[in-house]
Protein chains: 2
Amino acid sequence: VKKSIAVIGGGSWGTALVKVLHENLPEVFWYMRNPEQADIIRNTGRNPRYLSFVEIDPSGVRISTDMAETVRHTDMILLAIPSAFIAGAMGKARPDFTGKILLSAVKGLVPGHNLIMADFLQRQYRVPSEDIIIITGPSHSEEVGMERLTYLTFAGKDQSKTSEISSLFKRHYLKPVVSDDIYGTEYAAVLKNIFAIAAGIAHGLGYGDNFLAVLIANAAQEMKAFIDTVHPIDRDIKSSAYLGDLLVTAYSQFSRNRTLGTMIGKGYRVQSALLELNQVAEGYYASEGIHNILHSVPLSLPIVESVYRILYEGISPVIEFKLLSEHLK
Amino acid sequence: VKKSIAVIGGGSWGTALVKVLHENLPEVFWYMRNPEQADIIRNTGRNPRYLSFVEIDPSGVRISTDMAETVRHTDMILLAIPSAFIAGAMGKARPDFTGKILLSAVKGLVPGHNLIMADFLQRQYRVPSEDIIIITGPSHSEEVGMERLTYLTFAGKDQSKTSEISSLFKRHYLKPVVSDDIYGTEYAAVLKNIFAIAAGIAHGLGYGDNFLAVLIANAAQEMKAFIDTVHPIDRDIKSSAYLGDLLVTAYSQFSRNRTLGTMIGKGYRVQSALLELNQVAEGYYASEGIHNILHSVPLSLPIVESVYRILYEGISPVIEFKLLSEHLK
């Protein structure tokens, strides 16, 4: 039987993934919430708000604003919604995931639940763990849209199934990498957004490249400490899915999380920066989620904790980073 | 007895280190080759060609163009000359290092000898290994000159001696970190320049941030593989002296090595790029040196080998990076 796939989410990552899939498949289903946006894409072949330079051939892309229907028509569901909206969107649509394969390109903890997507899908939607695949790795959607070479990691329990599904994404500019570390890759994707905020704060405060390098090296150490504690398996944290993802987010101009941090470092109040940004910065929610998880994990993560205090406890970034700099090495 | 220190080298790193030391000590000796440059600094308090924004108080800095004499007057000799010029400069001056402590801020292999400085000083100048301290870590001299927070690693055999000497460099903007890994930190400093050339080539060829993150993550893995093989001790390659140094060089606008790579990626012939750069790019020599060492080390380092083939065998960067991208993950 031929497998069909749906992308859930009309943002930039969803748009980039629809582009990739549609180049390999005759038909791709695409759910988005906004009917006007759906109409514009159907009529113009362009997503007006996200990656509008990407051409979408409307004849092969079945756009719908009914999530439950989209899910019903397809075998594989690729979630590409910000984690902050996942629970709301899915709670309303009540999609039936029975027998479906769930791919998650969501990079964050589900707020309120404090769960990574793999756990959320298992607990809330009874998706068996072998039917869950996590998509991660250094991948600004803008660059995927521009066809610049990108390595995407596909993490799943069943390696041959994961490998087979990952090949649907293979393009001359997109190389799938297969991994069995669902938990590690997801937590890395969550943590890196917190570290990107830290990098932005440092930049905004006027710290230079010398300090940033120390900060990111220490962030890689905190990432390893956390992931190895919550899910102790043998992994090389220097792989693309972990260190690579951290680097692309912390060093790139495209990162919303880094931009949020830069604004806060320059003196914006946190709420003003969030408003001004006008886009979801996953690291903001991740910071609170990881902070809560750390209540039950015996670890000290100085950078993660500093970012939390700045974002949620109103501590001045100037003072917090002066203290933090004493803990780095 | 009061210890006296001399900085050998009138370039930007030498200038930054003289600034730091002179803020902590009443008197610093400073050797440079060029008599005109020495006169200008004596008269104006500024190094005309390097970090000219840094003020040097000529009353406390004893500038000399006689290396042997400078060495004779001091107990500690801090070498800050490009590795390409070390053998020549010291061969001519024939300094007597007997009883002296040698600090090396040289970041490269000594060409012709293919030795890191710690080995070169021991073999060519009979300096006992416990009298050698390696200074490394993420440290663009420009930012040290601008007093932006920088962590410098001091690696030496005797930890208490190393710690004591490192405290001469402690400033509100400069934090010394003490290490016992002389070989590892030096080799990391050598390798990172090769990886910075690779990062520049990728950038020049039009690869984006997604690929760069994968390249640097793989570079960190190659760094660990090489260093753990040539000097197997327990170390965390994610520390500032290793990963931090790699990041600052590969991601920074100040990096000469990255600039060299960018020019080559954009289509300059290697010799033209070297001429145009008009400054020493340590990675050019490091590439040949490590290539030679790899003859006797059973390791495959795809990035290091690709850079060598582009720099020394005239292979097109377009083709070489297409092949390289198949080896990354």
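Nothing here was measured: the structure is a model prediction, and the numbers come from that model.

Participant: Explanation requested: the overall build of chain A in the structure shown.
Facilitator: Helices and strands together make up the secondary structure of chain A, namely 15 helices and eight strands. The C-alpha radius of gyration of chain A comes to 19 Å, within 12% of the 20 Å expected for a compact globule of 329 residues. If one aligns the C-alpha atoms of chain A with their principal axes, the spans along those axes are about 60 × 40 × 40 Å. By the burial criterion, 60% of the 329 residues in chain A qualify as buried. Sequence separation of at least 24 residues holds for 71% of the intrachain contacts in chain A that already meet a minimum separation of 6. For chain A, the computed accessible surface area is about 12900 Å², with 48% contributed by carbon and sulfur atoms. On chain A, the mean spot of the 32 positive side-chain charges and the mean spot of the 34 negative ones are 2 Å from each other.

Participant: I tried to follow the interface of chain A and chain B on my own but got confused; where do I start?
Facilitator: One widely used convention gives an interface's size as the accessible area the parts lose upon coming together. Counting residues at the interface gives 42 residues for chain A and 42 residues for chain B. Here chain A meets chain B over a buried area of about 3200 Å², counting both sides, of which 60% is carbon and sulfur. Interface area lost by chain A to chain B is led by Tyr151, Asn210 and Lys238 of chain A, which between them contribute 22%. Seen at the junction of chain A and chain B, the total is two salt bridges. Between lysine 175 of chain B and glutamate 326 of chain A there is a salt bridge, and its shortest N-O distance comes to 3.0 Å. When contributions to the side of chain A that touches chain B are tallied by element, the ones reaching two or more residues are α6 (141-145), β7 (150-156), β8 (174-179), α9 (209-230), α10 (240-251) and α15 (317-327) of chain A. Of the residues forming the side of chain A that touches chain B, the biggest block, eleven residues, is contributed by α9 of chain A. A class-by-class count of the residues in the side of chain A that touches chain B yields 19 nonpolar, 14 polar and nine charged.

Participant: How do you make sense of the pairing of strand β5 (residues 101-104) of chain B when you look at a structure like this?
Facilitator: On a regular strand, each side chain points to the face opposite its neighbour's, so the side chains alternate between the two faces of the sheet. All names here are of chain B. On β5, burial covers both faces: Ile101 and Leu103 on one face and Leu102 and Ser104 on the other are all buried. Sheet analysis places strand β4 (residues 76-79) next to β5, joined by four bridges and oriented parallel. Bridge assignment links leucine 79 to a residue of β5, and that residue is serine 104. Read as a crossover between parallel neighbours, the route from β4 over helix α4 (residues 83-93) to β5 is right-handed. Across three bridges, the pairing between β5 and strand β6 (residues 132-136) is parallel. Across the sheet, leucine 102 pairs through a bridge with isoleucine 132, a residue of β6. Handedness of the crossover is the feature at issue here: the chain leaves β5, passes through helix α5 (residues 117-125), returns alongside β6, and the resulting connection is right-handed.

Participant: It is not clear to me how the side chain of glutamine 37 of chain B should be interpreted in this structure. Could you clarify?
Facilitator: Residues and elements named next belong to chain B. One can find glutamine 37 in helix α2 (residues 35-44). Among the polar contacts listed, one links the side chain of glutamine 37 to the side chain of asparagine 47, at a separation of 2.8 Å. Beyond its immediate chain neighbours, meaning those up to four positions away, glutamine 37 contacts Gly10, Met32, Asn47, Pro48 and Tyr50.

Participant: I tried to follow the packing of aromatic side chains on my own but got confused; where do I start?
Facilitator: Here the distance between the centres and the angle between the planes together describe a pair of aromatic rings. One pass over the full model with this rule turns up 23 aromatic pairs over all chains. Each ring, one from tyrosine 251 of chain A and one from tyrosine 251 of chain B, has its centre 3.9 Å from the other, and the planes form 5°; the classification is stacked. With tyrosine 251 of chain A in helix α10 and tyrosine 251 of chain B in helix α10 (residues 240-251), this pair bridges two chains. Take tyrosine 251 of chain A: its relative accessible area is 18%, and that puts it in the buried class. Centre to centre, the rings of tyrosine 207 of chain B and phenylalanine 321 of chain B are 6.2 Å apart; their planes meet at 50°, and the pair counts as tilted. On the criterion of sequence distance, the pair formed by tyrosine 207 of chain B in the loop between α8 (182-205) and α9 (209-230) and phenylalanine 321 of chain B in helix α15 (residues 317-327) is long-range, its members being 114 residues apart. Accessibility assignment for this pair places tyrosine 207 of chain B and phenylalanine 321 of chain B in one class, buried. These aromatic residues form a ring-pair network of at least three members: Tyr151 of chain A together with Tyr207, Phe211 and Phe321 of chain B.

Participant: So what exactly am I meant to see when it comes to a nonpolar patch on the surface here?
Facilitator: A cluster of nonpolar residues, Ile315, Val318, Ile319 and Leu323 of chain A, forms a patch on the protein surface that exposes about 350 Å² of accessible area. Relative to the helices and strands, leucine 323 of chain A is located in helix α15.

Participant: Quick question: what am I supposed to make of the sheet that holds β4 of chain B here?
Facilitator: Backbone-to-backbone hydrogen bonds join strands into a sheet, with any given pair of strands oriented parallel or antiparallel. All names here are of chain B. The strand order across the open sheet formed by eight strands is β3-β2-β1-β4-β5-β6-β7-β8, and the pairing between neighbours is mixed. Each edge of the sheet is formed by a strand with only one pairing partner; in this case those strands are β3 (61-64) and β8 (174-179). For this sheet the average axis-to-axis angle between neighbouring strands, irrespective of direction, equals 20°. Across the sheet, helix α7 (residues 159-166) lies against β4, β5, β6, β7 (150-156) and β8, angled at about 170° from β8, the strand it touches most.

How each quantity is defined
- Residues numbered from 1 in each chain as written.
- Chains lettered and ligands numbered in written order.
- Predicted model: local features only at pLDDT ≥ 70, side-chain atom pairs only at ≥ 80, totals over all residues.
- Heavy atoms only, no water.
- Helix = DSSP H or I, 4+ residues; strand = E, 2+ residues; numbered from the N terminus.
- Rg over C-alpha atoms; globule rule 2.2 N^0.38 Å.
- Buried < 20%, exposed > 50% of the residue type's maximum accessible area, 1.4 Å probe, protein only.
- Contact = heavy atoms within 4.5 Å.
- Areas by Shrake-Rupley, 256 points an atom, 1.4 Å probe, with all protein chains shown as cover.
- Lys, Arg positive; Asp, Glu negative; His and termini not counted.
- Charge placed at Lys NZ, Arg CZ, Asp CG, Glu CD.
- Buried area = accessible area lost by both parts, 1.4 Å probe.
- Salt bridge = Lys/Arg side-chain N within 4 Å of Asp/Glu carboxyl O.
- Nonpolar A, V, L, I, M, F, W, Y, C, P; charged D, E, K, R; others polar.
- Pairing = 2+ DSSP bridges.
- Right-handed = clockwise from strand over helix to strand, strands pointing away.
- Polar contact = N/O pair within 3.5 Å; in protein donor to acceptor, adjacent residues only side chain to side chain.
- Phe/Tyr/Trp six-rings, centres within 6.5 Å; stacked < 30°, edge-to-face > 60°.
- Patch = residues over 30% accessible without salt bridge, like charges linked within 9 Å, V, L, I, M, F, W, Y side chains within 5 Å.
- Axes fitted to C-alpha atoms, helices over the stretch in contact; angles between N-to-C directions.

Everything listed is a geometric property; what it means functionally is a separate question.
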